[in-house]
2 protein chains.
Amino acid sequence: MATIQDVAKAAGVSAMTVSNVINGHPNVRPATRDRVLAAMTRLDYRVNVAARNLRKGRTGTIGLAVPEVNRPYYGRLAAAIIAAAGRHGLRVSIEQTGARREDELAALSLSRNRLYDGLILCTVGMGQADVEALEVDHPVVILGERIFGGPVDHVAMPNEAASEAATRHLLERGCRRVALVCGRLDGEVDVSSLRHAGYLRALTGAGLAADPELVVTAESLTMREAARHLRGKVADGLDFDGVFCVTDTVAMGVLRALADAGIRVPEQVRVIGFDNVDESAYLVPSLSTVDPDHDLMAERAVALLAARVDRAGPGPGREEFVGPFRLVVRESTGG
Amino acid sequence: MATIQDVAKAAGVSAMTVSNVINGHPNVRPATRDRVLAAMTRLDYRVNVAARNLRKGRTGTIGLAVPEVNRPYYGRLAAAIIAAAGRHGLRVSIEQTGARREDELAALSLSRNRLYDGLILCTVGMGQADVEALEVDHPVVILGERIFGGPVDHVAMPNEAASEAATRHLLERGCRRVALVCGRLDGEVDVSSLRHAGYLRALTGAGLAADPELVVTAESLTMREAARHLRGKVADGLDFDGVFCVTDTVAMGVLRALADAGIRVPEQVRVIGFDNVDESAYLVPSLSTVDPDHDLMAERAVALLAARVDRAGPGPGREEFVGPFRLVVRESTGG
DNA sequence: AAGATCGGTTGTATCGATAAAAAGCTGCCA
DNA sequence: TGGCAGCTTTTTATCGATACAACCGATCTT
């Protein structure tokens, strides 16, 4: 495999000149440049990225830690982040944390190995108590919930506002007993708790009392668990005419459980989700949901990270970005 | 940031000894090892991966080129590959090719930059004509269709056999006019053509004539296109009582189109897909499908690649692995 | 015409880790 | 006691690219 030295020899110049050509530095005579380019082509030269990284102290790669790329929301997010990173000239290496706290912490320390120039971390297992783990000397952006006010940039969903809007939408369509299907509410600032808060706010705003019976907490935010828990509630005779699901994935489990119980959507119960994953538009019935503009969030996260990487220092104060959202009304709420 | 030299100085040994400790070489006196480990901890030392890569000529990272991680099948595959790679001590960097031929070729050349130790390439845009592009001097594994008999290892789905089984399943359930919803059949050995062949074999095997009318070719294998084309066929009055969809994603579009037309599944038309993505079990009706054991295919692909990486040479002849499959019968075929 | 300026190019040192070979240090045996 | 084997550690060179400073020749200035 040809090195920069080989090219230099072939072109009759020094390695440094070849380097200058490669990196588009000015002050290289066109004739020289052409000679070098010709030699590069002739020898089929490729830069050795490892050597460049060592010298530059950069890797050109950022890490992305998500629970699993297979989950619809994170797949969508990962796709958007890889695309956004590409626009910033960065590659993305994915760590799957399985939503486990230890694996999220491990991802943090991997990026300290200078494996990555920076890390976009989707915190799902870590909590507010782990804030000090973020006190690291390299760029990190938190994407998601569970840790607020940390020492790093943060891109978050409009959880409360969007949840309030989604719930209000159900109320406006005439629902009076709106259930919430979420994950465990353990007091952390997690997805479920934040969206629960929005849900409550909508109820209060409409002058309705919140009935704890209507809050269905699943073990995890999967189709299986959502379906299982809702089936249980239905079997227990829960009276409800609307469901706000904290994610579209949860909503799919809910729709399935309702179908199993012979409950028609939206005639008997209206359902709305959160995320607007691709499948939602094609379900039967199609799913009303909240669209949080994944592309914009991804772009912001990458931009924030790239800025830190470029400044290569602690930079100015941390930034918090909360994305916009859009209500998408479809059949499941009678849209 | 501490270097190996700093650690060496702190522990009163040479850098080489520190290196030996890091890499678990034998013949380091326990007392020395402890001193080194202590120094490493004290200085919060992290190896510089770039330096190691340069010296070793390895990066510890493999590339994975897929159309988009967001698509259910590729998301599933990517998750399995990242997990399998982890077991082999490799990290995965993802390239999204958008199913574009040029981007797939670009991924091939990126891996030549020694950015990756090897590449797992899901060929969707490239075709048999691009075989010679695979004549590269570094490890590549093709995962999928469209290129067979190339100079590299190949992991493929049991396309024909599984498609035949799926179609036969419909016939066994009493269907007599089974439609196929696929992508363009342009003569390449692509997903659609291979599965089309399996479909035909099942018909022939059952002594049925193949009616070209029943082959619905969508522009692309998306929910949108599948739904659009099937709606067209239904509007044209196509007579059919079963549908074999080349992917579960296509099946979701089909189910939606059937629902729009007021056609009941499975009472009037039975539907089966291919891939067994997570959502399939929760659709209403739940989707019968072919489960190709993604995990096994991912493991094989990574194992083949890792073996080439370790041998660091051309190695023995190329290998072709075709995974097993399993029919999953659910409501959409009256299961 | 001497000196300053500037574009173009090159030599040298370096990024941090590791392979290979050389060198110390034991202890053991003749 | 000399020498050898074997474990342990160090020395030296190197992976390939690039920052930096020095350098050279030509043009410009006054």
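Residues numbered from 1 in each chain as written. Chains lettered and ligands numbered in written order. Predicted model: local features only at pLDDT ≥ 70, side-chain atom pairs only at ≥ 80, totals over all residues. Heavy atoms only, no water.

## Examining the pattern of salt bridges
All names here are of chain A.
Right, so step 1: On inspection of all chains with the given rule, the structure shows 43 salt bridges over all chains.
Right, so step 2: Residue Glu 164 pairs with Arg 201 through a salt bridge whose shortest N-O separation is 2.9 Å. With Glu 164 in helix H7 (residues 159-172) and Arg 201 in helix H8 (residues 191-205), this pair connects stretches of sequence that are 37 residues apart.
Right, so step 3: Residue class for Arg 201 comes out partly exposed when judged on its relative accessible area of 39%. (Salt bridge = Lys/Arg side-chain N within 4 Å of Asp/Glu carboxyl O. Helix = DSSP H or I, 4+ residues; strand = E, 2+ residues; numbered from the N terminus. Buried < 20%, exposed > 50% of the residue type's maximum accessible area, 1.4 Å probe, protein only.)

## Concerning the pairing of strand E8 (residues 242-245) of chain A
Each regular strand shows side chains that alternate between the opposite faces of the sheet.
All names here are of chain A.
Right, so step 1: Burial of E8 is two-sided: the residues Gly 242 and Phe 244 facing one way and the residues Val 243 and Cys 245 facing the other way are all buried.
Right, so step 2: Relative to E8, strand E6 (residues 178-182) runs parallel, the two sharing four bridges. Paired with Val 181 across the two strands is Cys 245, which belongs to E8.
Right, so step 3: Of the pairings in the sheet, the one linking E8 to strand E9 (residues 270-272) comprises three bridges and is parallel in character. The residue of E9 that forms the bridge with Phe 244 is Ile 272.
Right, so step 4: Crossover E8 to E9 through helix H10 (residues 248-260) is right-handed. (Pairing = 2+ DSSP bridges. Right-handed = clockwise from strand over helix to strand, strands pointing away.)

## Some words on the protein's contact with DNA strand D
Right, so step 1: Lining the immediate environment of DNA strand D, one finds 25 residues, of which Ile4(A), Tyr45(A), Arg55(A), Thr17(B) and Thr32(B) sit closest.
Right, so step 2: Among the atoms of DNA strand D close to the protein, meaning within 4 Å, 62% are from sugar or phosphate groups.
Right, so step 3: Contacts to DNA strand D include Ala51(A), whose backbone N or O atom sits 3.4 Å from a base nitrogen.
Right, so step 4: At 2.7 Å, a side-chain N or O of Arg55(A) approaches a base oxygen of DNA strand D.
Right, so step 5: Put simply, the parts of the chain that give the surface near DNA strand D at least two residues each are helix H1 (4-11), helix H2 (15-22) and helix H4 (49-56) of chain A together with helix H2 (15-22) and helix H4 (49-56) of chain B.
Right, so step 6: Top element by residues in the surface near DNA strand D is H4(A). It accounts for five residues.
Right, so step 7: For the surface near DNA strand D, the class distribution of residues is ten nonpolar, nine polar and six charged. (Near = heavy atom within 4 Å. Polar contact = N/O pair within 3.5 Å; in protein donor to acceptor, adjacent residues only side chain to side chain. Nonpolar A, V, L, I, M, F, W, Y, C, P; charged D, E, K, R; others polar.)

## Details of the protein's contact with DNA strand C
Right, so step 1: Near DNA strand C there are 25 residues, and of these Thr32(A), Ile4(B), Tyr45(B), Arg52(B) and Arg55(B) occur at the shortest range.
Right, so step 2: Sugar and phosphate atoms represent 65% of those atoms of DNA strand C found within 4 Å of the protein.
Right, so step 3: Note that a phosphate oxygen of DNA strand C is positioned 2.3 Å from one of the backbone N or O atoms of Ile4(B).
Right, so step 4: At 3.4 Å from a base nitrogen of DNA strand C is found a main-chain nitrogen or oxygen belonging to Ala51(B).
Right, so step 5: Among the elements of the structure, H2 and H4 of chain A together with helix H1 (4-11), H2 and H4 of chain B are those that each provide at least two residues to the surface near DNA strand C.
Right, so step 6: With five residues, H4(B) is the single largest residue contributor to the surface near DNA strand C.
Right, so step 7: A class-by-class count of the residues in the surface near DNA strand C yields ten nonpolar, nine polar and six charged.

## What to know about the nonpolar core
Right, so step 1: Judged by nonpolar contacts, the single largest core of 148 residues is most densely connected at Ile94(A), Ile120(A), Val271(A), Ile94(B), Ile120(B), Val254(B) and Val271(B).
Right, so step 2: When near neighbours in sequence (up to four residues on either side) are disregarded, Ile120(A) contacts Ile62(A), Gly63(A), Leu64(A), Ala65(A), Ile81(A), Val141(A), Leu143(A), Ala301(A), Val302(A) and Leu305(A). (Core = buried A, V, L, I, M, F, W, Y, C linked by side-chain atoms within 4.5 Å. Contact = heavy atoms within 4.5 Å.)

## Brief notes about the domain arrangement of chain A
Accessible area lost upon the coming together of the parts is a frequently used measure of interface size.
Residues and elements named next belong to chain A.
Right, so step 1: The domains assigned to chain A are domain 1 (4-47), domain 2 (60-157 + 294-324) and domain 3 (159-291).
Right, so step 2: A C-alpha centroid distance of 28 Å is found between domain 2 and domain 3.
Right, so step 3: The partner domain 3 presents 14 residues to the twelve residues of domain 2 that form the contact.
Right, so step 4: Carbon and sulfur atoms make up 52% of the area that domain 2 and domain 3 hide from each other, which totals about 1000 Å².
Right, so step 5: Among the residues of domain 2 in contact with domain 3, Glu 145, Arg 146 and Met 157 are the three that bury the most area, contributing 47% of the side total.
Right, so step 6: Between the two partners, domain 2 and domain 3, sit two salt bridges.
Right, so step 7: A salt bridge links Asp 190 to Arg 146; the shortest N-O distance between them is 3.7 Å. (Domains from an automatic or database assignment. Buried area = accessible area lost by both parts, 1.4 Å probe.)

## Digging into the interface of chain B and chain A
Right, so step 1: On the chain A side, the residues contacting the 52 residues of chain B number 52 residues.
Right, so step 2: Interface area for chain B against chain A, summed over the two sides, is near 4500 Å², with a carbon-plus-sulfur share of 57%.
Right, so step 3: Counting the surface chain B buries against chain A, the share from its top three residues, Arg114(B), Arg256(B) and Tyr282(B), is 17%.
Right, so step 4: The interface formed by chain B and chain A contains two salt bridges.
Right, so step 5: Residue Arg256(B) is joined to Glu331(A) by a salt bridge in which the shortest nitrogen-to-oxygen separation is 2.4 Å.
Right, so step 6: At the boundary of chain B with chain A, the tally comes to 16 residue pairs in polar contact (both at pLDDT 80 or more).
Right, so step 7: Grouping the amino acids of the side of chain B that touches chain A by side-chain chemistry returns 28 nonpolar, ten polar and 14 charged.

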